[in-house]
Amino acid sequence: MAANRIKGITIEIGGDTTKLQTALKGVNTQVKSTQQQLKDVEKLLKLDPGNTELLAQKHRLLGEAVAATKEKLETLKTAVEQANTALNFCFPEA
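Bear in mind that the values here come from a model prediction, so they are computed numbers and not experimental data.

## Side note on the environment of Q35
For step 1, the next point in the chain: Of note, Q35 is situated in helix 2 (residues 18–47).
For step 2, the next point in the chain: Between the C-alpha atoms of Q35 and L61, which are 26 residues apart in sequence, the distance is 8.3 Å.

Shown next, in the form of structure tokens:
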């Protein structure tokens, strides 16, 4: 019956996340910059919706945003794989 009293278990593993933080910092900076540029282009497109140069720039910026998001996703996937490997090393399955 002791299992009924346990609501949750939190395991905290001390680890060095500086490499992950450094990798994400660059990607986050790029994403933030791209988002700001997209906002600026959107404002200009409201004034001149038919401007093909602005539409091309918007298309290019959206492509950059997708690429940066993919890069961030890959970085996070790698971090998850490394964390799982570390957990399996610390707590091997019986």
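## Quick notes on the side chain of T34
For step 1, the next point in the chain: As for its position among the elements, T34 is in helix 2.
For step 2, the next point in the chain: Under the relative-accessibility criterion, T34 is labelled buried at 4%.
For step 3, the next point in the chain: One polar contact links the side chain of T34 to the main-chain carbonyl oxygen of Q30, over a distance of 2.9 Å.

## Some remarks on the nonpolar core
For step 1, the next point in the chain: Formed by L38, V41, L45, L54 and L61, the largest nonpolar core amounts to five residues.
For step 2, the next point in the chain: Sorting elements by how many residues they give to this core places helix 2 first, with three residues.
For step 3, the next point in the chain: Leaving out residues up to four positions away in the same chain, L45 has contacts with N51, L54, L55 and K58.

## A closer look at the pattern of salt bridges
For step 1, the next point in the chain: Under the criterion given, the structure shown has two salt bridges.
For step 2, the next point in the chain: Between E42 and K58 there is a salt bridge whose closest N-O contact spans 2.6 Å. Pair noted here: E42 is in helix 2 and K58 is in helix 3 (residues 52–90), with a separation of 16 residues, a long-range link.
For step 3, the next point in the chain: Taking the relative accessible area as the measure of exposure, E42 reaches 31% and is therefore partly exposed.
For step 4, the next point in the chain: Measuring nitrogen to oxygen at the nearest pair gives 2.6 Å for the salt bridge that ties E64 to R60.

## Things to note about the environment of L44
For step 1, the next point in the chain: Among the structural elements, L44 can be located in helix 2.
For step 2, the next point in the chain: For L44, a relative accessible area of 42% corresponds to the partly exposed category.
For step 3, the next point in the chain: Remark: the alpha-carbon pair of L44 and L54, spanning ten residues in sequence, is separated by 7.7 Å.

Thresholds applied
- Residues numbered from 1 in each chain as written.
- Predicted model: local features only at pLDDT ≥ 70, side-chain atom pairs only at ≥ 80, totals over all residues.
- Heavy atoms only, no water.
- Helix = DSSP H or I, 4+ residues; strand = E, 2+ residues; numbered from the N terminus.
- Buried < 20%, exposed > 50% of the residue type's maximum accessible area, 1.4 Å probe, protein only.
- Polar contact = N/O pair within 3.5 Å; in protein donor to acceptor, adjacent residues only side chain to side chain.
- Core = buried A, V, L, I, M, F, W, Y, C linked by side-chain atoms within 4.5 Å.
- Contact = heavy atoms within 4.5 Å.
- Salt bridge = Lys/Arg side-chain N within 4 Å of Asp/Glu carboxyl O.

Function-wise, these values are silent; they only describe arrangement.
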